[in-house]
Amino acid sequence: MKLYRIGELAKAAGVSERTIDYYTKLGLITPEERSLKNYRLYNGETLNRLERINQMKQEKYSLEEIRQTLIKWNSVAGEEHVTDKLTSLEMHMQRLEREVNELQPLLGQLKPVQARKLLTGLLPQSAACIEALKYLLEHSSMM
């Protein structure tokens, strides 16, 4: 298992060493172990975690929201591969939900003929997914 020092991890993740320090202090990432010279060493999973953090930051999540999401993901037991897939799927669903929320006012302004024309240009599976997301968003307050 490859272990990264802060500089190596920062370079691999495309962030600054200061960011690594800050995320460590916030508890977003944790070192795997310390070297004989007391350097913090991080594993490959930390690199994956940093990629998730960067994705969420690009999607405008606050650091507190990211921290809460990471805690929730950590509590999921199971195979690392399954956890990664579930994480990816959840992030994708959250992004879709935000996009649908952004589209909702625009779709509401369309005339029925315009909306039908837009939906007929989509693949049936895509149209079904959009309708399902709309339904879930409209009824999520009831759940």
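In what follows, the structure referred to is the one given above.
Residue indices begin from 1 for each chain and proceed along its sequence in written order. Given that this is a predicted model, residues contribute local features only at a pLDDT of at least 70 and side-chain atom pairs are listed and counted only at 80 or more, while totals for whole chains, interfaces and linings are drawn from all residues. Here the side-chain values reflect all heavy atoms present in the structure, with hydrogen atoms and water set aside.

Residues of helix 1 (residues 6-13) that are buried: Ile6, Leu9, Ala10 and Ala13. When helix 1 is viewed along its axis, its buried side chains cluster within an angular range of 100° and face the same direction. When checking whether two residues touch, look at their non-hydrogen atoms; a contact exists if any pair is within 4.5 Å. Each helix is a run of H or I in the DSSP string that is no shorter than four residues. Each strand is a run of E no shorter than two, and both are numbered from the N terminus. If you follow the buried residues of helix 1, they end up packed against helix 2 (17-26), strand 2 (40-41) and helix 3 (44-58). Once helix 1 ends, the next one or two residues include Gly14, with phi positive near 75°. Buried residues are those whose accessible area, probed at 1.4 Å on protein chains only, stays under 20% of the maximum for their type, while exposed residues exceed 50% and partly exposed ones sit between those limits. Within this analysis, the arc is defined by the directions that extend from the helix axis to the C-beta atoms.

For this analysis, a ring pair means two rings from Phe, Tyr or Trp (six-membered ring only for Trp) whose centres lie within 6.5 Å, classed as stacked if their planes differ by under 30 degrees, edge-to-face if by over 60, and tilted for the remaining angles. Under the counting rule described, the total for this entry stands at one aromatic pair. Above the ring of Tyr39, the side-chain terminus of Arg5 is found at 4.2 Å from the ring centroid. By the criterion adopted, a ring carries a charge over it if an Arg CZ or a Lys NZ lies within 6 Å of its centre and within 35 degrees of its normal. In this arrangement the basic side chain of Arg98 is found over the ring face of Tyr61, its NZ or CZ atom lying 3.9 Å from the centre.

What follows deals with a nonpolar patch on the surface. Only residues whose relative accessible area exceeds 30% and that form no salt bridge enter a patch; like-charged residues are grouped when within 9 Å of one another, and nonpolar side chains (Val, Leu, Ile, Met, Phe, Trp, Tyr) when within 5 Å. For the accessible areas, the method is Shrake-Rupley and the probe is 1.4 Å, while residue cover comes only from the protein chains on display. A side-chain nitrogen of Lys or Arg and a carboxyl oxygen of Asp or Glu constitute a salt bridge if their distance falls within 4 Å. A contiguous nonpolar patch, built from Leu103, Leu106, Leu107 and Leu118 and spanning about 360 Å² of accessible area, is present on the exposed surface. Sorting elements by how many residues they give to the nonpolar patch places helix 5 (residues 80-109) first, with three residues. The topology assignment puts Leu103 in helix 5. For Leu103, a relative accessible area of 43% puts it in the partly exposed group.

A few words on the pattern of salt bridges. For the structure on display, the rule yields four salt bridges. Close ionic contact of Glu45 with Arg52 constitutes a salt bridge, the shortest N to O distance being 3.3 Å. Among the residues examined, Glu45 registers a relative accessible area of 25% and is labelled partly exposed.

Bringing the packing of helix 1 against helix 2 into the picture now. Working note: a packed helix pair is described by the angle between its axes plus the distance between those axes. Note on geometry: axes are C-alpha line fits, over the in-contact stretch for helices, and angles between N-to-C directions span 0 to 180 degrees. Running from amino to carboxyl end, helix 1 crosses helix 2 at an angle of 105°, the nearest separation of the two axes being 8 Å. Relative to helix 2, helix 1 is oriented roughly perpendicular. Between helix 1 and helix 2, the contacting residues are Ile6, Gly7, Leu9 and Ala10 on the first element and Glu17, Ile20 and Asp21 on the second. Any angle that falls under 35 degrees is termed roughly parallel, while one over 145 is termed roughly antiparallel, one within 65 to 115 roughly perpendicular, and all others oblique.

Another aspect to go through is unusual backbone geometry. Note: most residues except glycine have negative phi, and most peptide bonds are trans. Of note in this structure, Asn38 is not a glycine but carries a positive phi near 70°. Counting through the fold element by element, Asn38 comes out in the loop between strand 1 (33-34) and strand 2. Note on Asn38: relative accessible area 48%, which makes it partly exposed. Even without being glycine, Lys60 reaches a positive phi, approximately 75°. Tracing the chain through its elements places Lys60 in the loop between helix 3 and helix 4 (63-74). A residue is classified by how much of its surface remains accessible, and Lys60, at 70% relative accessible area, is exposed.

Turning to the nonpolar core, a few remarks are in order. What makes a nonpolar core is a set of buried Ala, Val, Leu, Ile, Met, Phe, Trp, Tyr and Cys residues whose side-chain atoms join them at distances within 4.5 Å. Counting residues in hydrophobic clusters, the biggest one holds 20 residues, and the most contacted among them are Leu9, Ile20, Ile29, Leu50, Ile53 and Ile66. The contact partners of Leu9, leaving out residues within four places of it in the chain, are Tyr4, Ile20, Tyr42, Thr46, Leu47 and Leu50.

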